[in-house]
Amino acid sequence: MNFRTKIDNKYDPKRFSLSRPAQFPSLWVTLLDEVIPQFVKERYSPQESWKKKPFSQTDVVFFSKGLLDLSDFFTLDRESATLPNYFTTAKFRSSYFLYFFALQGAKFLTLFDRYPLAVEAALAHAKKTGVLSIVDVGSGPGTASIAFLIHVLDRYKSATEIPFQIHLHWIDHNQTIMKDGELFLQRLLERFPQFDGDISLTTEFRSWWKHPRDYDFTASIVLFGNVLNESSKDPKVFLQGLAPFLKDPQGAGVLMVEPAFRSASQRLSQIRDELMPRPLWGPCLHVSKCPLAEGRDWCHFSVPVKLPGSFFKRFSIKLGGVRDWLKFSFIWLAANEDKKEAVFRDLLPLVRIVSDPMTTPRGQQNQICRPDRVGWVPSHKNLFRGEVIRYDQKRYDSVLQSDHPKTRDGKSVRKPIRRPGVRK
Ligand SMILES: C[S@@+](CC[C@H](N)C(=O)[O-])C[C@H]1O[C@@H](n2cnc3c(N)ncnc32)[C@H](O)[C@@H]1O
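Residues numbered from 1 in each chain as written. Predicted model: local features only at pLDDT ≥ 70, side-chain atom pairs only at ≥ 80, totals over all residues.

When you look at the overall build of the chain in this model, what are you seeing that I'm missing?
Each helix and strand in the chain was counted, giving 12 helices and 14 strands. Put simply, the chain has 424 residues, and 42% of those count as buried. (Helix = DSSP H or I, 4+ residues; strand = E, 2+ residues; numbered from the N terminus. Buried ≥ 20, exposed ≤ 12 C-beta atoms within 10 Å, placed from the backbone.)

Structure representation (structure tokens):
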């Protein structure tokens, strides 16, 4: 009884699960339904007379043309293509605000919701230094840092004041999207006259890996949002570029979020392997080599979710259907001092499920992440990608002998089982 409770606290699988939908702050909904549409209409309407009118279905039709092009751009052959500097085009910037801001921001909010101890580490750093410093690398319009700001404002929504200043620091090689983001942030902050002067922004216009000489900064949290997959494929340039951010992280450390496609996710796993053993908030539950850093499968998550935003919903429909999944990969490096709370040692009784259930010759199974190689466990109930289970050594070890379930003629056979969407 008591003994179990103690063990559960540390090794509670629910604490680490990444398959539950997140709660979105009400301020996020206001931002999506009011601040963004109004801002986009004012800034990007081709006719002066449109700018002051409310955002309507006619605007959905007008702005979705650019959105369809941008979406094609992001999805076509992402394994090999290098993206040009797309934010130089106004229709891509407006589409990003109207759709991708909501989508990518929701991924960050989901992770902030899922890792409250990491967020508290950032807030503790802010209380100690007097400033909550949020560095946003490849910021675009500031999606990741604005999502963090909203998460923090939501935590303090019943307080009369916040016990620190808040400073956002954006780095991007496109100046125009940062300018748009800055104006947008101003619009958002106009709704919080009580924080006048407490929230500030610096923008740095440069390639994120080309640091000024003796580059030094302090941050309560560093966020990389969907930028690494657009960056140099040269591992030397890449790792040297990351070095100042990863050297001595403070507060909540460094969170890198990437799209869920294979090369982007495997790049993150490879960065993680270079870093280990270092304390991580997630997603790993062991410190050995990542079994998915190369090869056919890769580590990514798909969280069922009912995404907020009525215009976001209309734009999703224009893109082919209501979106009820968030798909992404991530690595969250903790500060060295967080060895106790972050995952530093192998959490041996726990394993992460890294696939949805599949029909295999051995029945319904899930792939699990184990040190150096993946394994398989029988899927007794509906177990989904991102969930965490207790690892029963006796029961599973025979299953772990094989990396891929095979038929008698030696062919690998796996058939994914369709996963139910978010319950409405
Ligand atoms: C897909 S957008 C992501 C924007 C934002 N972080 C988000 O998650 O919504 C990628 C951003 O990275 C920027 N970017 C790409 N390569 C970069 C580089 N080498 N240095 C700085 N920024 C870069 C792009 O200009 C763009 O703003």
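Where do I start with unusual backbone geometry in this structure?
The phi angle of most residues is negative, glycine excepted, and most peptide bonds adopt the trans form. Between Met276 and Pro277 the backbone carries a cis peptide bond, its omega angle lying at 0°. Here Pro277 is to be found in the loop between helix 10 (262–275) and strand 6 (280–282). Omega for the bond connecting Gly282 with Pro283 falls within 30 degrees of zero, at 5°, which places this linkage in the cis form. With respect to the element layout, Pro283 can be found in the loop between strand 6 and strand 7 (301–304). Of note, Asp214 is a non-glycine position whose phi angle comes to about 50°, a positive value. Mapped onto the fold, Asp214 is located in the loop between strand 3 (199–205) and strand 4 (221–225). Its identity as a non-glycine residue notwithstanding, Asn226 has a phi of 55°, on the positive side. Its location among the elements puts Asn226 in the loop between strand 4 and helix 9 (235–246).

What exactly am I supposed to notice about the pairing of strand 9 (residues 350–353) here?
Both faces of the sheet carry side chains from a regular strand, because those side chains alternate between them. As paired elements, strand 9 and strand 13 (residues 388–390) share 3 bridges and run antiparallel to each other. Along strand 13, the bridge assignment pairs Leu350 with Arg390. (Pairing = 2+ DSSP bridges.)

Is there a simple way to explain the environment of Ala102 in this structure?
One can find Ala102 in helix 5 (residues 90–114). C-alpha of Ala102 to C-alpha of Ile36: the two residues are 66 residues apart in sequence and 9.5 Å apart in space.

Before we go on, may I ask you to explain the packing of helix 3 (residues 26–44) against helix 11 (residues 310–318) in this structure?
A packed helix pair is summarised by two numbers, namely the angle formed by the two axes and the spacing between the axes. Axis separation between helix 3 and helix 11 bottoms out at 7 Å; the angle between their running directions is 75°. Comparing their axes, helix 11 and helix 3 come out roughly perpendicular. In contact with Leu32, Asp33 and Pro37 of helix 3, helix 11 contributes Ser310, Phe311 and Phe312. Its residues placed into classes, the contact of helix 3 with helix 11 shows 4 nonpolar, 1 polar and 1 charged. (Axes fitted to C-alpha atoms, helices over the stretch in contact; angles between N-to-C directions. Parallel < 35°, antiparallel > 145°, perpendicular 65-115°, else oblique. Contact = placed C-beta atoms within 7 Å. Nonpolar A, V, L, I, M, F, W, Y, C, P; charged D, E, K, R; others polar.)

Looking at this model, I keep getting lost on the environment of Val303. Mind explaining?
Within the element layout of this structure, Val303 appears in strand 7. Residue Val303 is classed as buried on the basis of its 24 C-beta neighbours within 10 Å. In this structure, Val303 is in contact with Leu18, Ser19, Pro21, Thr110, Trp325, Leu326 and Gly386, ignoring residues within four places of it in sequence.

Got a minute to help me understand the nonpolar core in this structure?
Within soluble globular proteins, side chains that are nonpolar tend to cluster in buried spots. Counting 108 residues, the largest nonpolar core has Phe148 and Leu223 as its most contacted members. With 13 residues, helix 5 is the largest single contributor of residues to this core. Split by domain, this core shows at least three residues from each of two domains, domain 1 (2–338) and domain 2 (350–416). Beyond its immediate chain neighbours, meaning those up to four positions away, Phe148 contacts Phe108, Phe112, Ile134, Ile221 and Leu223. (Core = buried A, V, L, I, M, F, W, Y, C linked by C-beta atoms within 7 Å. Domains from an automatic or database assignment.)

Explanation requested: the site of the ligand in the structure shown.
Around the ligand, 19 residues are found, and the nearest of them are Gln104, Gly138, Gly140, Thr143 and Gly225. Split into classes, the residues belonging to the shell around the ligand amount to 6 nonpolar, 11 polar and 2 charged. (Near = placed C-beta within 6 Å.)

How should the packing of helix 4 (residues 57–75) against helix 11 be read in this particular structure?
Running from N to C, helix 4 and helix 11 point in directions that differ by 55°, and their axes come no closer than 10 Å. Taken together, helix 4 and helix 11 sit at an angle that is classed as oblique. Here helix 4 and helix 11 pass one another in a crossing that is right-handed. Facing helix 4, whose interface residues are Val60, Ser64 and Leu67, helix 11 presents Phe311, Arg314, Phe315 and Lys318. (Left-handed = near helix turned anticlockwise from the far one by under 90°.)

Can you walk me through helix 10 in this structure?
Each turn of an α-helix holds 3.6 residues, which means side chains three or four residues apart point in the same direction. Over its 14 residues, helix 10 extends 20 Å from the first C-alpha to the last, a length consistent with the 20 Å expected when each residue adds 1.5 Å. Among the residues of helix 10, Ala264, Ser265, Gln266, Arg267, Leu268, Ser269, Ile271 and Arg272 are the ones counted as buried. In this fold, the buried residues of helix 10 make contact with helix 9, strand 5 (254–258) and strand 8 (325–333). (Expected span 1.5 Å × (residues − 1).)

Can you help me understand the pairing of strand 2 (residues 165–172) in this one?
Along strand 2, 6 of the 8 residues are buried, which leaves the element largely enclosed by surrounding structure. Bridge count between strand 1 (residues 131–137) and strand 2: 7 bridges; the pairing is parallel. Considered in strand 2, the bridge of Ser133 is made with His167. The β-α-β motif built from strand 1, the intervening helix 7 (residues 143–155) and the parallel element strand 2 has right-handed crossover chirality. For the handedness criterion, the β-α-β arrangement of strand 2, helix 8 (residues 175–189) and strand 3 is classed as right-handed. (Right-handed = clockwise from strand over helix to strand, strands pointing away.)

Is there a simple way to explain helix 4 in this structure?
Compared with the 27 Å implied by 1.5 Å per residue over 19 residues, the 26 Å span of helix 4 between its first and last C-alpha is a close match. Along its length, helix 4 shows its largest kink, about 35°, at Ser64. Every buried residue of helix 4 is listed here: Asp59, Phe63, Gly66, Leu67 and Leu70. Against the buried residues of helix 4 lie helix 3, helix 5 and helix 11. (Bend = angle between axes of the 7 residues up to and from the residue.)

Sorry if this is basic, but what is going on with the confidence of the model for the chain here?
Interpreting fine coordinate detail is not advised for predicted regions of low pLDDT. The share of residues in the chain with pLDDT of 70 or more is 85%, and the mean pLDDT across the chain is 86. Overall, residues 1–8 carries pLDDT values under 50, and its contacts beyond four positions in sequence, including any with other chains, amount to 0 contacts. Contacts from residues 398–408, a stretch scored under 50 in pLDDT, to residues over four places away or in other chains number 20 contacts. (pLDDT = per-residue confidence, 0-100.)

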